[in-house]
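# Observations on the model geometry
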Amino acid sequence: MSRHFASFAVMVALVAVMAGAVVSGALVGHAADPIPIGVTVAQTGPVALAGQEQVLGAQIAEEYFNKHGGVNGRPIKLVFQDGGSDEPTAINAFQNLINVAKVVGIMGPSLSQQAFAADPFAVRAKVPVIGPSNTAKGIPQIGEFVSRVSSPVAIVAPNAVKAAMELNKNLKKVAVLYAQNDAFNKSETETFQQAVKDMNLELVTVQTFQTTDTDFTAQVTNTLSAKPDLVIISGLQVDGANLVKQLRELSYKGLIVGGNGLNTTNIIPICKALCDGILVAQAYSPELKSKINDEFKGMYRDRQKKDPPQFSAQAFTGVQVFVEALSALDKKSPLAKMDLAAQRMELNKQLIAGTYDTPLGEISFKASPGGEIIQKQSYVAQIKMDQGGTSGKWVFVR
């Protein structure tokens, strides 16, 4: 009896130890599970050219930060959801990431117009959002859970007009063309037009178009009749590049300033040799000397054999802000001990409070309303095409 009892006691003890190990293992497994961060940018539609660059920048960030220990040893996992190029797709992507994927935060969407539609869903759910390319006026004012790593157009865009004036000392007459069906471009053109007035230039014509247009004959004809020295275009990638192409084909020889929608060499397959000389204000330069930018640039070059563009750098930065804010929060209060609602709430507070050394340079955020970016560096670049007119690159002029 005593031997049977002893055997039984040993078995009970072993079961207890095993159960404890299972419980302990579950706890450790929970603490080691990847932290899901949502990424919803344009993978389809007319903005997909920029969205592809954003996806690549985010993927490089995921690899980079996981190689460097993730969030205090815990990896991150980016959950990609196509945000498309319209508002309904962005809203659906946000709802899926919030309610199904249960991410701690969201980077996206690509367009300001989409942000005005989708960001309120994140605000109501108390999920932090970082806009990677939302530069229209009023984005942070959507709510306290909305931040952006993209400098507002009101700060960046006038630099391109100043650069044009430096290139053409006799510049006087300016024509402005913009996509009237896009919230960002309507906001951007207001900034450009105000800059023209502030610099004592003459605004000779304002022409409107749609982002879905392919024929700009009427707008170009009206523009040419005004004989401008400078044409400023606020559009998206495809329509903007086609407008540049038709301006040049109909013999416009003056300077062209593009808005943020043209801030990608992916427009080159559309306007080809006629892209040469386009000026665009930039919030990123691959020439910036810093450890993080050198490492990001090296990883991008390994994949693409060229320097990274602004959209990729901003997407990398958006992921970086989440990772560094999560790491700082986890050191103060372990994430594994918080429920998802608390993680989201505390993460938002932490990311707005931080300062970050990024490929864009040092950035921080204004605490209210929302998280408006504070960025010291800004640049202007010009597309320089090769002799064959099939490839080109950004050359920084300011």
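Below or above, wherever it landed, is the structure these notes cover. (Residues numbered from 1 in each chain as written. Predicted model: local features only at pLDDT ≥ 70, side-chain atom pairs only at ≥ 80, totals over all residues. Heavy atoms only, no water.)

## Brief notes about the nonpolar core
The line we're drawing: Nine residue types can take part in a nonpolar core, namely buried Ala, Val, Leu, Ile, Met, Phe, Trp, Tyr and Cys, and a core is a set of them joined through side-chain atoms within 4.5 Å. A simple rule labels every residue: compare its accessible area, found with a 1.4 Å probe on the protein chains alone, to the largest value its type can have, and call it buried under 20%, exposed over 50%, or partly exposed in between. Note on conventions: DSSP H or I runs of at least 4 residues are helices, E runs of at least 2 residues are strands, and numbering of each starts at the N terminus. Whether two residues are in contact is decided by their heavy atoms: any pair within 4.5 Å suffices.
Judged by nonpolar contacts, the single largest core of 43 residues is most densely connected at Phe316, Val319, Val321, Leu326, Leu347, Leu351 and Ile363. Of all the elements in the fold, those that place two or more residues in this core are strand S1 (35-39), helix H2 (48-67), strand S2 (76-80), helix H11 (291-304), helix H12 (310-332), helix H13 (340-353) and strand S12 (361-366). With 10 residues, H12 is the largest single contributor of residues to this core. When residues no more than four places from it in sequence are discounted, the contact partners of Leu351 are Pro128, Ile130, Ser147, Val321, Phe322, Ala325, Tyr356 and Phe365. Ranked by size, the runner-up nonpolar core spans 29 residues in total, among them Phe216, Ile270, Ala381 and Trp394.

## Let's talk about the layout of surface pockets
Put simply, the test is: In this analysis a 1.4 Å probe is tested at points of a 1 Å grid over the protein atoms alone, and where it fits but cannot get out there is a cavity; an open set with protein on both sides within 12 Å along at least five of seven lines is a pocket; lining residues have an atom within 4 Å of a point. Grid points are joined across faces, edges and corners, and a volume is the space filled by probe spheres set on the points. Think of it as three bins: nonpolar holds Ala, Val, Leu, Ile, Met, Phe, Trp, Tyr, Cys and Pro, charged holds Asp, Glu, Lys and Arg, and polar takes everything else, Gly as well.
Estimated volume of the largest pocket: approximately 360 Å³. Along its surface, the largest pocket is lined by 18 residues, and Thr265, Asp307, Gly392, Lys393 and Trp394 are the ones closest to its centre. Among the secondary structure elements, those contributing two or more residues to the lining of the largest pocket are helix H10 (268-271) and strand S15 (392-396). Sort the elements by how many residues they give to the lining of the largest pocket and S15 lands first, with four residues. A breakdown of the residues in the lining of the largest pocket according to their chemical character gives eight nonpolar, six polar and four charged. Space inside the second largest pocket adds up to approximately 220 Å³. The set of elements that each furnish at least two residues to the lining of the second largest pocket consists of helix H5 (153-156) and helix H7 (183-198). Sorting elements by how many residues they give to the lining of the second largest pocket places H7 first, with three residues.

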